[in-house]
Amino acid sequence: MANIVLFVQNFRLGTKISGKLTDLDHNVTFAGDGERFGLSQVDENTDLVVLDLDDSVFQTIAFISGLRKLNKDMKIAGYMKVIHKETYERLKASGCDIILPSSSFVKNIPTLVS
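Residues numbered from 1 in each chain as written. Predicted model: local features only at pLDDT ≥ 70, side-chain atom pairs only at ≥ 80, totals over all residues. Heavy atoms only, no water.

Undergrad: What is the right way to read helix H1 (residues 11–23) from this model?
TA: The α-helix advances 3.6 residues per turn, and as a result positions three or four apart in sequence lie on the same side. The end-to-end C-alpha distance of H1 is 18 Å, a good match for the 18 Å that 13 residues give at a rise of 1.5 Å each. Buried residues in H1 make contact with strand E1 (3–7), strand E2 (27–30), strand E3 (48–52), strand E4 (75–80), helix H4 (102–105) and helix H5 (109–112). The N-terminus of H1 is capped by Asn10, whose side-chain oxygen sits 3.1 Å from the backbone nitrogen of Arg12. Looking one or two residues beyond H1, the residue adopting positive phi is Asp25, at roughly 65°. (Helix = DSSP H or I, 4+ residues; strand = E, 2+ residues; numbered from the N terminus. Expected span 1.5 Å × (residues − 1). Contact = heavy atoms within 4.5 Å. Polar contact = N/O pair within 3.5 Å; in protein donor to acceptor, adjacent residues only side chain to side chain.)

Okay, structure coming up:
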C-alpha cells in the first residue's frame, strides 16, 4: 500500500484520481487549500506525489524541487492538458519524474504506483 499526496485543484479529475488509487488500496491525502503553497503533507513515508501541472504554483521549479528535497526516494508525477517540449524539460530537470497528458493520467495510475 502506497502513501500518495495529491496537489490537485481540478475537483473532477482529483476525484477520479483518488477513486482509482483507493480502488487499488492506496492511502490518498489531498493537500487542502491551506496547504496550497506548503509541503507539510509530504514526508519520508510518501511514496508518490501527484501534481496538477496546469496550476501555475505546482509547475514551478521551486515547488517541485522543494518536494524533491523532502523525500528523494518518492516518485513525483504530474499531468497537464498540453505538454510543450520546453515545459517538459524544465519540469523533468526540477525533479518531476513522470509527466503525462491529463487525458491519459487516470488510466496510467496502475503503472505509476507499481
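There is more to say after this.
Undergrad: Would you take a moment to explain the side chain of Asp52 for this structure?
TA: You can see Asp52 is positioned in strand E3. At a separation of 3.0 Å, a polar atom in the side chain of Asp52 contacts the main-chain amide nitrogen of Asp54. Among all residues touching Asp52, those that are not within four sequence positions of it are Phe7, Val8, Gln9, Asn10, Phe58 and Tyr79.

Undergrad: What is the right way to look at the pattern of salt bridges in this model?
TA: Any two side chains of opposite charge can pair, on the condition that their charged atoms come close. Tallied over the entire structure, the rule returns two salt bridges. Measuring nitrogen to oxygen at the nearest pair gives 2.8 Å for the salt bridge that ties Asp97 to Arg68. Here Asp97, found in the loop between helix H3 (85–94) and strand E5 (98–101), pairs with Arg68, found in helix H2 (residues 61–70); they are 29 residues apart in sequence, far enough to count as distant. By relative accessible area, Arg68 is classed as buried at 16%. Across the salt bridge formed by Glu89 and Lys85, the nearest N and O atoms sit 3.7 Å from each other. Separated by four residues within a single helix, Glu89 and Lys85 lie in helix H3, roughly one turn from each other. (Salt bridge = Lys/Arg side-chain N within 4 Å of Asp/Glu carboxyl O. Buried < 20%, exposed > 50% of the residue type's maximum accessible area, 1.4 Å probe, protein only.)

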